[in-house]
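# Structural description and commentary
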Amino acid sequence: MRFSNQRLAIAALTFSLALGSVTGAAGQAPPRYFAITGAQIVTGTGETIDGGTIIVRDGIIEEVRADIAVPAGAWEIDATGLLAYPGLIDAMSTLGMPSELRAARTGGGRQRGGGGPGGGGGPDAAERSWGPEDRPATFTWLNAADELDPDDSRLATWRQAGFTTAISSPSLGLFPGQAAVIDLAGERPNDMVIATPVALPVTFTKGRQFPGYPNSSMGVIAYVKQLFLDAQYYDAAWSVYAGSPSGRERPEYDKALEPMRAVVREDWPVLLPGDLAKEVRRAMRIAREVGVQPIVYGAREAYAPGLAEELASTGVPVLVNLDWPAKDSDADPEADESLATLRHRHRAPTAPAVLAEAGATFAFYSGSDKPGDTLAGARKAIQAGLDPDDALRAFTLGAAEIFGVDDRIGSIQPGKIANIILTDGDLFADGTRVHTTIVDGHRFAFDDEMTADAEPTEDAETPAAAAPAFELVPMAPALGPARHDDVTVIRNATVMTASDAGTMENASILVRDGKIAAIGTDVDAPDGAHVIDAAGRYVTPGIIDAHSHIAAESINEGSVSVSSMVGIEDVIDPYDIAIYRGLAGGVTTANVLHGSANPIGGKNAVIKLRWGQDADSLLLQGAPPGIKFALGENTKRARTPQRYPNSRMGVKDVIRQAFLEAQAYQAEGRRYEQALADGVEGVIPPRRDLKLEALAEILEGQRLVHSHSYRADEILQLLRAAEEFGFRIATFQHVLEGYRVADEIAEHGAGASTFSDWWAYKVEAYEAIPHNASLMTDRGVRVSINSDSGEEMRHLNQEAAKSMKWGGMGREAALAMVTINPAIQLGIDDWVGSVEVGKDADLVLWANDPLSVYGRVDATMIDGILWFDREHDAAVQAERDEEKKKLMELEAADDSDKQPRRRPTRDSATDQEAGR
Amino acid sequence: MKRLAIFVVSLAVIVSVGAVAPAAAQEDVVVLQGGMIHTLVEGAEVIEDGVVVIQDGRIAAVGGSDTAIPAGAQVVDVSGQHLYPGFFDSVTRLGLTEIGAVAVTSDFSELGDNNPHLEAASAVHPASEIIPVTRANGTTHAVAAPQGNGISGQGSLIHLDGWTVEEMFVENVYMVVRWPNLQTRGFDRATFTVFNRSFAEAKEEYETSVADLEKLLEDARRYATSDVRDDPTQRNFKLEALAPVLNGDQPLLVAVNSERGIRDVIAFAERNDVKVVIAGGREAWRIADEVAASGVPVILGATQSLPSREDDPYDAPYAAPGKLHAAGVKFAISTFNASAARTLPYEAATAVPYGLPAEEALKAITRYPAEIMGVAADLGTVEAGKIANLFVADGDPLDIATQVTHVVIQGRLIDPYDNKHDNSYQKYKARPRR
């Protein structure tokens, strides 16, 4: 496989000739005119040429054919016995980026105690951001092509692993800078650039260097959206101005937005993070909302049901991270890792095959500091069902197409850039080594090292055969939903309707197509209906939790006093186990709220507990939007750095100031409408401000305010502030001293949503009494009992019953506090909250009296679907335990398999560079 | 410093306004007549139309309607109602904290890893508003327990009524130990940082902590056999305080939840020949048979809690007491709380629809804790000779809507409705309508 001495001599001669005639330069630069002969050429377009010749001149592939002679004057590389492939493309990387522009790697890595930001370092702590206008962690003006460092030692490591090209960009911050397509070799940075800019990468991890807003995942998403909206406005404003500047006020120049004008015009795409299925869908949703062309990166859960098809049908390309999730090497051997975690580790390598099968567009990226592992990752994907041709494509032409450079790179074809690798075997076979990497016609040979390491190990002899066959462990059924029938009849139940009908004995409920079709003692079961005999059992409406924080990946955007720009909808985690546990407590609907860190918090999401559906499918369609407000201790608590407000005086002030601003925003909108009506030319819609938009909706009565509150005085103050600005508070949440101002709350028309008996956990909760709900109800306030807790929500029936003890509330009234009352408070009582014909079939079947401590949920139905069933749960739990056991055994076997396979390979160089 | 002082003073004022007075001492003989008496004595039937005679703070007689009523006794008619031994909350912060978020109102945790000589009773605030609120639901006695690191101190059994702690105090029933955690990842509250370390590192730290604990016991053993006690220059409160543990008078109450931790605690007890009680025990149900075989009792924390592992059955904490019962583990149920301590009966009852017999739920908050803590001669059942801590309710005392009508502590009749909450309720109920 090595060059013969004779050929080397000839080559040397050719070399000197070339030097003399072409460049005349002194030194060791190899000639850029050569022929690769004898290789099996995998062109990357589906064609393979056995023993063909590739002629390369001045960095360009001139010819690729079988049986052509080596032209005179060309260097010959005898590649007999080798395979030639198009150079691999790392579809997302920071290669060539100086360390100060790279985010510290955290994914999967272990950060030892107090190590600081580590990794790439980065600039000193930036100034604290107080809002989107501070453009936190934003570097859109940076262009990877301008920042290249050809001395980045990783370039050599990647080349040795077979990569010739990368899509590269800084990675520090939320908008780290523009991505470029670069070749992984060049004396000067400018030699390396193939195309720029090709995409605008976005990350959702800000980095600790950037304190302040945004400091939550929903804040990050809100900021990302706002920046795109700002760019749209900026583009429009400058376009109008450029058209006729005279007599027009000049728009403000913005360094961050200027380069984004091309992005919002969809000239180049946006790279959005999306590793898990929910994140991929979230990325697509954001792109849709702000109207940009997305490429989603991560995608390791693309095997999730339906996702690949969604990607294929929307045409959104994905970049798959080949750094598959793996068990921590020094994990606690007794640690009980969840089935979801084990499953993901097991199934992630099937993602590319699933994407290919669905016809989605995808490419690969390394995702780690060890490019050798990247090929191993591809190998795993192939074992898990990916066609090797598709794997090669994802490394070459596929990537080139996604970034619009397939006319230059990605295959071995005449006219393309001479990015070629020679390997000693099938690219994806275990043990195959890269012999030579040619970048832009520059040859990097690794044959010396191969000689040094020539002693073939046992498994190198039998490459692919040694790979264990991938055995896909079948998924146990989900815990819920248990069953789905078009028609269900629940018979002989004691039905507590939470409606005027009160409690009905020996009643039956007919459920058809997700709705309650009939209730009564003479309801017949149609043929084929699923019949549940509920003799001796109770049925109530599904429980509605008016205050919850389940199923949300972040709760507080507490960096600012007004965070109405953020929304829970952006961060719903539909797989949160708390959803299922809530179902098992009879909860069918929850008002998922922002936290109480600031006087005006974020937007809510009213969800049905359709556990395991995608995030958007959890939303209760038609529910009026809401928002969280907060008063008292949590909002004024000491913070570093200090944040206004620091007192209840300031809390009220923040709220009033915000609505003044919102009124100004409304006025701006009205002026625009007027200008349009007047036919004024060149007017553009006002800048959309996500923060003020939400507040304007409150003023317009379109968004419900749910305000966290404790003390009677602060409750009163908010009532008065709202009245001043002409809106109504929908509910006071917690409202533990509501009993002291119940008349005032009732008069204003606000609802109250309280805890049953929590108290004394802080000063403002010290005057709480468990009679609060009863007393407020007596005074005409509509009261609900909420959980604010993934635990408490599992027995809201008990919490409601406590008002029967404290204050002597009746049974029907107590049940209403967790069913119809919260439904009315949330404006969703047209669909849910009571057992009435025409409403959604959200029902709970109880083994005992739900208003006793012995009430146990046997089944919970949402939209007629049995989403929780106690018997099903027990049966499925066993199957899931079985699957988990199997997965753990497989991993253990895989681990013991790996040990003897470790040997010095091409990764060793990488290991050294990584400083291990 | 000055501001702090003012703050403390003002808090004291808050706390004292409208405070509830302890009951008058029992002077007469008190007789509760006509109720259904649930003595909870093994094998005993419910006594219909029963009589309980209370004298000098103790139960003098329990029986049917023919029981002799001493002349001059104060007779309380509880016809149609149910009489039970007072609930016993085994691990609480009652008297040791007032307002959770206000650190200066809390006295349950001391600095250091080695405080066996600290007694909860020395910090119990008898005028805590939480105490009357708690007994309104039938809890008549509870252990105020220190909850620091390592050996946190001794838990003090107190009656939930008294002018001073001396009137409330029964005895120090256990020595609290917080079992070390073997954690590779977690949040360090001391430094407010997330830590993430290797298993080997975590294991080493864990083993060192356990070894330190064993060494302390060893030191205490040596100390007990020496005569340095009489020498103030060598006397050591810490080692001295461990003597009751070493001679078996006082169990170690070991706060531990994980399966591994529970196993290790059982082995630790055998190795060091000490009595232990597992406190918390969230994962004890996973190894119920092992726990049963060891004979180590468990004081379970709140049943109304979340499963400890993502893949646990949703009802794992609800079903745990039933599983321990089936396996033959001796256990009690406790709140581990202060302001939420009144929910003790619901914590027990929640286990009933998930497999625990109702009678066992009741015993888990009355008789069993008395037995586990070695005070069954005085507390836990309605029997002649025992301390008169009991209550009367208009129905099943485990169920929510049931009203407690009478509370008796050390023979004193307590008005359950004289507490901060009911008083506030009455006040604002009377607010003139606007």
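Refer to the structure above for everything that follows.
This one's a predicted model, so the numbers in the text were calculated from it and none came from an experiment. (Residues numbered from 1 in each chain as written. Chains lettered and ligands numbered in written order. Predicted model: local features only at pLDDT ≥ 70, side-chain atom pairs only at ≥ 80, totals over all residues. Heavy atoms only, no water.)

All names here are of chain A. Taking every second residue as pointing to the same face, both faces of strand S12 (residues 318–321) are buried, with Val318 and Val320 on one and Leu319 and Asn321 on the other. This β-α-β element, strand S11 (residues 294–298) to helix H8 (residues 307–314) to S12, shows right-handed connectivity. Relative to strand S13 (residues 362–365), S12 is paired through four bridges, and the arrangement is parallel. Counted as the bridge partner of asparagine 321 is tyrosine 365 from S13. (Buried < 20%, exposed > 50% of the residue type's maximum accessible area, 1.4 Å probe, protein only. Helix = DSSP H or I, 4+ residues; strand = E, 2+ residues; numbered from the N terminus. Right-handed = clockwise from strand over helix to strand, strands pointing away. Pairing = 2+ DSSP bridges.)

Right, let's get into the packing of aromatic side chains. Residue and element names in this part refer to chain A. Taken as a whole and judged by the stated rule, the model has 27 aromatic pairs over all chains. The interplanar angle of 55 degrees and the centroid separation of 5.8 Å between the aromatic rings of phenylalanine 362 and phenylalanine 364 together place this pair among those described as tilted. As far as burial versus exposure is concerned, phenylalanine 362 and phenylalanine 364 are alike and both buried. Look at phenylalanine 364 and phenylalanine 395: their rings are 5.0 Å apart centre to centre, the planes differ by 70 degrees, and that puts the pair in the edge-to-face class. With phenylalanine 364 in strand S13 and phenylalanine 395 in helix H12 (residues 388–395), the pair connects residues that are 31 residues apart, well separated along the chain. No difference in accessibility class separates phenylalanine 364 from phenylalanine 395, as the two residues are buried. Site record: aromatic cluster; members linked through ring pairs are Phe163, Phe362, Phe364, Phe395 and Phe428. Taking the ring centre of tryptophan 806 as reference, the NZ or CZ of lysine 805 above it sits at 5.2 Å. (Phe/Tyr/Trp six-rings, centres within 6.5 Å; stacked < 30°, edge-to-face > 60°. Lys NZ or Arg CZ within 6 Å of the ring centre and 35° of its normal.)

Let us now look at a nonpolar patch on the surface. Residues B:Phe187, B:Phe192 and B:Val194 make up a contiguous nonpolar surface patch of roughly 370 Å² in combined accessible area. In this structure, B:Phe187 sits in strand S10 (residues 185–188). (Patch = residues over 30% accessible without salt bridge, like charges linked within 9 Å, V, L, I, M, F, W, Y side chains within 5 Å. Areas by Shrake-Rupley, 256 points an atom, 1.4 Å probe, with all protein chains shown as cover. Salt bridge = Lys/Arg side-chain N within 4 Å of Asp/Glu carboxyl O.)

Let's shift gears to the pairing of strand S1 (residues 33–42) of chain A. Residue and element names in this part refer to chain A. Counting buried positions along S1 yields eight of 10 residues, so the element is predominantly enclosed. Judged from the eight bridges that link them, S1 and strand S2 (residues 48–57) form a sheet pairing that is antiparallel. Residue pairing for S2: threonine 37 is matched across the bridge by threonine 53. A loop of five residues connects S1 with S2, the two strands running antiparallel in sequence, and glycine 44 in this loop sits at a positive phi of about 95 degrees. Relative to strand S4 (residues 75–78), S1 runs parallel, the two sharing four bridges. Note that in S4 the partner of phenylalanine 34 across the bridge is tryptophan 75. Sheet topology note: the S1/strand S5 (residues 83–86) ladder contains two bridges and is parallel. Paired with glutamine 40 across the two strands is leucine 83, which belongs to S5.

Our focus in this paragraph is unusual backbone geometry. With an omega dihedral of -10 degrees, the bond running from A:Thr640 to A:Pro641 counts as a cis peptide bond. As for its position among the elements, A:Pro641 is in the loop between helix H19 (633–636) and helix H20 (648–677). Phi is positive for A:Ala551, which is not a glycine, with a value near 60 degrees. Among the secondary structure elements, A:Ala551 is positioned in the loop between strand S23 (543–548) and helix H17 (577–583). Even without glycine at this site, B:Asp56 takes up a positive phi of about 55 degrees. With respect to the helices and strands, B:Asp56 occurs in the loop between strand S2 (47–55) and strand S3 (58–63).

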